[in-house]
Amino acid sequence: MAPTEIESPPAVAEELRAAADRVAAAEAAIADHGEDSVEAAADAYRNATRLLDNYEDSATGTGDFGAYLQFQTEILTLVDSLPDDTFAADAFQRVSDRLDKRRLNEADFEFAREQIETAGEAVELLEEREAAIDAYRTARGDAEKRLSELREEADRLRDLQRLADVDLEVSTEPLRERVDEYNTAVRTAFEQFRDTRPARELFELLGDAADRPLVGVDRPPRDLVEYIDTKPVGAEPLAELVEYADYSPSKLEHYVDDPGALRTSVAVHQTYLDRLDAEAFCVGWPPAEAATLRTRLDELAPFVRRLESVFADDDSGGDAVDDSDDLDDADDTTPNIEAARRRLARFTRRDEYERLREVAVAEHELDDDEYDRVASGAVDDDLAAVTDAISKIDAALDETAID
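Residues numbered from 1 in each chain as written. Predicted model: local features only at pLDDT ≥ 70, side-chain atom pairs only at ≥ 80, totals over all residues. Heavy atoms only, no water.

Undergrad: Before we go on, may I ask you to explain the pattern of salt bridges in this structure?
TA: A side chain of one charge can pair with a side chain of the opposite charge if their charged atoms are brought near each other. The full count for this structure, using the stated rule, is 23 salt bridges. A salt bridge links Arg306 to Asp208, with the shortest nitrogen-to-oxygen separation between them at 3.1 Å. Placement of the pair is Arg306 in helix H13 (residues 290-308) and Asp208 in helix H7 (residues 199-210), with a sequence separation of 98 residues. Relative accessible area serves as the criterion here: at 32%, Asp208 is assigned to the partly exposed category. Measuring nitrogen to oxygen at the nearest pair gives 2.7 Å for the salt bridge that ties Glu338 to Arg341. Of this pair, Glu338 and Arg341 both sit in helix H14 (residues 336-347), three residues apart, which is roughly one turn of the helix. Here Glu338 matches Arg341 in class, with each residue buried. (Salt bridge = Lys/Arg side-chain N within 4 Å of Asp/Glu carboxyl O. Helix = DSSP H or I, 4+ residues; strand = E, 2+ residues; numbered from the N terminus. Buried < 20%, exposed > 50% of the residue type's maximum accessible area, 1.4 Å probe, protein only.)

Undergrad: What exactly am I supposed to notice about the packing of aromatic side chains here?
TA: Aromatic ring pairs are reported here in terms of the distance separating the ring centres and the angle at which the planes meet. Applying the stated criterion across every chain yields a total of two aromatic pairs. Where Phe190 meets Phe281, the ring centres are 6.3 Å apart and the plane angle is 35°; that geometry is what we call tilted. Within this pair, whereas Phe190 is found in helix H6 (residues 173-196), its partner Phe281 is found in the loop between helix H12 (270-275) and H13, the two being separated by 91 residues in sequence. Of the two residues, Phe190 and Phe281, both sit in the buried class. With centroids separated by 6.3 Å and ring planes inclined at 80°, the aromatic side chains of Phe347 and Tyr353 adopt a geometry described as edge-to-face. Neither Phe347 nor Tyr353 differs from the other in exposure class; each is buried. (Phe/Tyr/Trp six-rings, centres within 6.5 Å; stacked < 30°, edge-to-face > 60°.)

Undergrad: When you look at H14 in this model, what are you seeing that I'm missing?
TA: The periodicity of an α-helix, 3.6 residues per turn, causes residues three or four places apart in sequence to face the same way. Its 12 residues give H14 an end-to-end C-alpha distance of 17 Å, which sits within 8% of 16 Å, the value for a rise of 1.5 Å per residue. Among the 12 residues that make up H14, 10 are buried, leaving the element largely enclosed by the rest of the structure. Taken residue by residue, H14 has Asn336, Ile337, Glu338, Ala339, Ala340, Arg341, Arg343, Leu344, Ala345 and Phe347 as its buried positions. (Expected span 1.5 Å × (residues − 1).)

Undergrad: Would you take a moment to explain the nonpolar core for this structure?
TA: Counting 85 residues, the largest nonpolar core has Tyr182, Val186, Leu206, Leu273, Phe281 and Leu307 as its most contacted members. Looking at this core element by element, the count peaks at 10 residues for helix H5 (residues 106-163). Counting contributing residues per domain, this core is built from domain 1 (9-156) and domain 2 (172-313 + 335-363), each supplying no fewer than three. Every residue in contact with Leu206, bar those within four places of it in the chain, is listed here: Phe190, Val217, Pro220, Tyr272, Leu276 and Phe281. In terms of nonpolar packing, the next biggest core, distinct from the first, is built from 12 residues, Val38, Ala41, Tyr45 and Leu126 among them. (Core = buried A, V, L, I, M, F, W, Y, C linked by side-chain atoms within 4.5 Å. Domains from an automatic or database assignment. Contact = heavy atoms within 4.5 Å.)

Spelled out as structure tokens, the structure:
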């Protein structure tokens, strides 16, 4: 684990403050002239520029007299409509004075363009404010995103701090053994169930399990379930149906009444069927906290018992598993999965469970370099830097809030 890279002060906080200052400067520049004055000058500049562009060819010299009258009327009306305190009003008045004559030439238009450029500054002021606000919003979004990342990093570092007190010399074998025993039993039963029980029975189990959020089973595709529930071939094991889907149409005719329906309903879900396994019924490593795992094992119980029923079809009865907490001192055996499930559930009630689980979590999350960094206290320094950065970004967000 490399040291946490934290700028001091955080770059996003500085960028946000700079962006807020830019907005303030843009607002102040407009306020110096008055909002209404600048807005009016900007509108007048745009309209005057449009008129000059549209009429320069037709209203000059001995051109179209009608165009000349139309242009002169519009430009003079525009200038007369401006309040006296409008930004660059004197420039517009000079334009009006110059154009108020019987004939116009190119020099008149050139003069008009030069004069209204003063009002073009009003457009620039408004455009700068708009650009500043856009930059501010971007900077604020970047700061909020970085703040979220740093909070997640702080949570991760606190978790690492907690692992510093874990004794990695302690063997997790007692916990690992119980988890592996349960998982192995579930996987074995699931494979046998898939290979020997009717497909519709397996999908009924999966559908019921999908209604229980702590189990975590993906709900089977609706059309596949409907096909298996309504067609005679649904009485065949799922393993055989998947094999049928690979048969040629002529060969498939010997096994099912409607080869096309099977290929359409089964083959199209090949990816789902290939991924279909027992993992949703298993316990992950490292396992969850004691109360969480115990609750999940309770929720799994009716489903793994249904899986376990497959052993009743097996003359061997499945591999029996010791149901006692002590593997070396037991006088009772019960069917495979349920015994392993109960042993694991009982183990979660021991103080030893959380101690071994913490070791398992540490081993899972830390490599040697990471553990050395935790043990040396470097993670404490990382957390202090992250916490300081969070504080600075929080302060910048509060201080630069704009209504």
